[in-house]
Amino acid sequence: MKKDGGLRPIAVGNTLRRLAAKVICSRVKVRTTAALQPSQLGFGVKGGSEAIVHSAREFISSDRSSVKVLLKIDLKNAFNCISRATIMEVASVHLPEYADYLHACYGYYTDLYIDDEIPSSQCGVHQGDPLGPLLFSLGILPITSALKSKFNAWFLDDGTMGGSVETVAEDFQTVIDAAYAVGLSVNMSKCEIFVSGGTAEDQDAAISTFLNRFPTVTVAVEENLCLLGAPLLKDGIKSAIQQKTEVMRLIANRLELLPKHQAYFLLKCSLSAPKVIHLLRCCPSFEARDSLIEFDEVLRESLQSICNVRMDPPAWRQASLPVRCGGLGIRRVDELALPAYLASIHATRSLVSKLLPHSSEVDADDHIALWSYLCDDASPPLLESRHLQRAWDTPYCSAEQATLLYEATDATNKARLLATSTPESGVWTHALPSSSIGNLLDDESFRIAVAIRLGAPASSKHQCNCGAEVNADGLHGLSCKFSAGRRARHDCINDILRRALVSAGIPARTEPRGMHHENDTRPDGITTFPWTRGLCLAWDVTCVDTVARSYLDHTSLQARAAADQAEAEKVHKYSFLSGRYEFAAVGFETFGSFGSSAKKLVKEVGKRVELQTGEIRSHEFLKQNISLAIQRGNAASVMGTVENAVLFKCN
């Protein structure tokens, strides 16, 4: 639905057609963006919309001694109405080598089928055509490049002009006349004018002058002045965030209808901070901190409902960290707002200088000082890295991670925080949660995986089947000798490695016999053909409990210490294979860490699978499968402390 209640058409083009169009876009991007700039930033320009917003804000806020007019232009149904004759004409000039292809696409009418009616598609670029934005931008290039206003910026069909009332009015009339010549029309009721600078009498006179010529244009007020979805003035930031918060509340209610793992994945990747990231980058939203905190509270409640895990302050603080820092990746926008804005300001400086050649640079010193204060007096990133949001975000995340570790009250929590901060411990959170490929955790396994990662209660206190007392964290099951998930987890990881080796073109078998001349000691698997240096590979898998008493003194001081120690013990145990096999001890921890040898082997296997299959994500997929198997085993172990527990299944 559109804002005015109408329907927005959505189409998905033919795959082969889209592929061809994307190839053309990549080939002509450099030269066409050079031809379209500086006025048109809607095609092939990274951060184009952000640059327009920053430039417009700079335009209306600087030099307020004289009256300035800012005009937003809306073209009615532009992409569907632009003349195809115009498209073919500009294509012959700017894309001559692809004229035959474009003639095949747009040189003939296309029949559309709506019930019993068969109208012809005779104008506009095709819905779902990746070349559509480029063709449209080239089609209106004679219009956008002919305007005389001091500020002239277009993002595809959304135009913005600024300058004196006489110049803007003259350019507006030019747009109206020239648009008609290419099949377009201006939607006067959706065009907005905003006047700044000078005295109140001067502003009223400018508005009257403009409205006398274009009476149906809307006059915008400060709190409602938005451009490309972002408020231009401070008065509008709070209401813009509140609108996003209401949408987030609606989304949160609907996410509860989905399987928990899938709901979390959507929340993390699309519907939390990504939903407002454009707003955070385009305006100083951190100045409306109360509204950001309200949005974050909706996120916290949604995550708590999805995971069925109590998000007390420490758990929520960890959950809101990036996955690489031990969190769940549900970023708090209150934390992200300042890094996002600073990165955008620095990333768009060159574009802003093109749109406003005589303007001064945006002064971000006060914002940088605030960032340094929030990051424990950290130094700003190097100049060449200041356009990267991660460069501004990482110091804050590192400081928060260090604070959580400092506030940890016991060795178990310290070991947990160190283990979850290793890159591979959170790989399972990035896996596409689809049952068809075996990556979907059932609701209870997902709940336990989240609770263990955050140190939140996984159960109530009860007595294990072995007779021991189980605390609310549920961690007893991870090391209980009667654990229901340990053997199944081991077998599943072992099978994942075997299947990966087979995918790499290296046949392998598990549980080989006759490896030791005195007893039946044998590794978990060996390859049939040589792995390296003419030797076959032999491997043995183990998954040890990060917080077991025998490892806790080491894991509370250093990440992956338990896995490394277990690998060293495996190497000693299978020393009799030296010289006959290339032996790899494959150690993992219940909190997700990979041992040094395990990381090396998994990386090499993933690389060989990539060479065999051509799938560049093979290494990542292999890590995800192993990480998910660990989480399923943990869940089975925790649930196995209760009678009639659900058994672990490897998908």
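For the structure, see preceding data.
Since we're looking at a predicted model, the values are computed, not measured. (Residues numbered from 1 in each chain as written. Predicted model: local features only at pLDDT ≥ 70, side-chain atom pairs only at ≥ 80, totals over all residues. Heavy atoms only, no water.)

Enquirer: What is the right way to look at the overall build of the protein chain in this model?
Expert: When helices and strands are tallied, the protein chain shows 26 helices and 15 strands. In terms of overall dimensions, the protein chain has a C-alpha envelope of 100 × 55 × 50 Å along the principal axes. In the protein chain, which comprises 651 residues, the share counted as buried stands at 51%. By sequence separation, contacts in the protein chain at least 24 residues apart represent 69% of the contacts at least 6 residues apart. Per element, the accessible surface of the protein chain, about 30,400 Å² overall, is 52% carbon and sulfur. (Helix = DSSP H or I, 4+ residues; strand = E, 2+ residues; numbered from the N terminus. Buried < 20%, exposed > 50% of the residue type's maximum accessible area, 1.4 Å probe, protein only. Contact = heavy atoms within 4.5 Å. Areas by Shrake-Rupley, 256 points an atom, 1.4 Å probe, with all protein chains shown as cover.)

Enquirer: Quick question: what am I supposed to make of the nonpolar core here?
Expert: Across soluble globular proteins, you tend to see nonpolar side chains buried next to one another. Ranked by size, the top nonpolar core spans 57 residues in total, and within it L267, L303, M311 and V450 carry the most contacts. For this core, the leading source of residues is helix α15 (residues 333-347), giving nine residues. If we skip the residues at most four places from it in the chain, L267 touches M248, L255, S272, L299, S302, L303, I306 and I330. Listed in part, the 49 residues of the second largest apolar core include I87, C105, F136 and L138. (Core = buried A, V, L, I, M, F, W, Y, C linked by side-chain atoms within 4.5 Å.)

Enquirer: Even after reading the chapter, I still don't get the sheet that holds strand β14 (residues 535-544), so can you show me in this structure?
Expert: Sheet strands line up and pair through hydrogen bonds in the backbone, either parallel or antiparallel. Here we have four strands laid out as an open sheet, ordered β12-β13-β14-β15, and mixed in their pairing. Edge strands, defined here as strands with exactly one partner in the open sheet, are β12 (508-510) and β15 (581-589). If you compare each strand with its neighbour and ignore which way they point, the axes differ by 30 degrees on average. Pairing geometry for β12 and strand β13 (residues 525-532), over three bridges, is antiparallel. (Pairing = 2+ DSSP bridges. Axes fitted to C-alpha atoms, helices over the stretch in contact; angles between N-to-C directions.)

Enquirer: Please explain the packing of aromatic side chains as it appears in this structure.
Expert: Any two aromatic rings considered together are summarised by their centre-to-centre distance and by the angle between their planes. The full count for this structure, using the stated rule, is twelve aromatic pairs. Relative to F210, the ring of F172 lies with its centre 6.1 Å away and its plane at 15 degrees, an arrangement referred to as stacked. Of this pair, F172 sits in helix α8 (residues 165-181) while F210 sits in helix α9 (residues 200-213), and the two are 38 residues apart along the sequence. Of the two residues, F172 and F210, neither departs from the other in class, the shared state being buried. Ring centres of F286 and Y341 lie 5.7 Å apart, and the angle between their planes is 65 degrees; on these two criteria the pair is classed as edge-to-face. Of the two residues, F286 is situated in the loop between α12 (277-282) and α13 (289-307) and Y341 in helix α15; the sequence distance between them amounts to 55 residues. In terms of burial, F286 and Y341 fall into one category: buried. (Phe/Tyr/Trp six-rings, centres within 6.5 Å; stacked < 30°, edge-to-face > 60°.)

Enquirer: Before we go on, may I ask you to explain helix α19 (residues 411-420) in this structure?
Expert: Note that an α-helix has 3.6 residues per turn; residues three or four places apart therefore point the same way. Among the residues making up α19, those that are buried are A415, R416, L417, L418, A419 and T420. For α19, the elements touching its buried residues are α14 (313-319), α18 (389-407), α20 (443-454), α23 (549-555) and β15. Where α19 starts, the residue carrying a side-chain oxygen 3.3 Å from the main-chain nitrogen of T412 turns out to be D410. (Polar contact = N/O pair within 3.5 Å; in protein donor to acceptor, adjacent residues only side chain to side chain.)

Enquirer: Would you explain a positive patch on the surface in this entry?
Expert: Together, K2, K3, R8, K244 and K275 line one region of the surface with positive charge. Residue placement: K244 occurs in helix α10 (residues 237-255). (Patch = residues over 30% accessible without salt bridge, like charges linked within 9 Å, V, L, I, M, F, W, Y side chains within 5 Å. Salt bridge = Lys/Arg side-chain N within 4 Å of Asp/Glu carboxyl O. Lys, Arg positive; Asp, Glu negative; His and termini not counted. Charge placed at Lys NZ, Arg CZ, Asp CG, Glu CD.)

Enquirer: Please clarify how the pairing of strand β1 (residues 68-74) should be interpreted in this entry.
Expert: Looking along a regular strand, one sees the side chains alternate between the two faces of the sheet. Counted residue by residue, β1 has seven buried out of seven residues, so it is predominantly covered. In β1, alternate side chains face the same way, and those of K68, L70, K72 and D74 on one face and V69, L71 and I73 on the other are all buried. Pairing geometry for β1 and strand β6 (residues 192-196), over five bridges, is antiparallel. Within β6, the residue paired with L70 across the bridge is F194.

Enquirer: Explanation requested: the sheet that holds strand β7 (residues 218-219) in the structure shown.
Expert: Pairing is mixed in the open sheet, where five strands are placed in the order β4-β5-β1-β6-β7. Lying at the two open borders of the sheet, with one neighbouring strand each, are β4 (151-155) and β7. Of the pairings in the sheet, the one linking β4 to strand β5 (residues 158-163) comprises five bridges and is antiparallel in character. Counted as the bridge partner of A153 is T160 from β5. Relative to the sheet, α9 contacts β1, β6 and β7, its axis offset from that of β6 by approximately 155 degrees.

Enquirer: Explanation requested: unusual backbone geometry in the structure shown.
Expert: A negative phi holds for most residues other than glycine; trans holds for most peptide bonds. Residues Q37 and P38 are joined by a peptide bond in cis, for which omega reads 10 degrees. As for its placement among the helices and strands, P38 is situated in the loop between α1 (15-36) and α2 (48-61). Phi angles above zero are rare outside glycine, and D115 is one such case at about 55 degrees. Mapping D115 onto the fold places it in the loop between β2 (110-111) and β3 (120-121). Here the phi dihedral of N308 falls at roughly 55 degrees; this positive angle occurs in a residue that is not glycine. By secondary structure assignment, the location of N308 is in the loop between α13 and α14.

Enquirer: Just checking my understanding: could you explain the pattern of salt bridges for this structure?
Expert: If charged atoms from side chains of opposite charge come close, those side chains can pair. Counted by the stated rule, this structure contains 26 salt bridges. Close ionic contact of R498 with D495 constitutes a salt bridge, the shortest N to O distance being 3.2 Å. Highlighted residues: R498 and D495, both in helix α22 (residues 486-503), separated by three residues, approximately one helical turn. Salt-bridge contacts for E582 lead to R533; the nearest nitrogen and oxygen are separated by 2.4 Å. Residue E582 is located in strand β15, and its partner R533 is located in the loop between β13 and β14; the two are separated by 49 residues in the primary sequence. By relative accessible area, E582 is classed as partly exposed at 23%. What makes R533 exposed here is its relative accessible area of 67%.

These figures capture arrangement, not role.
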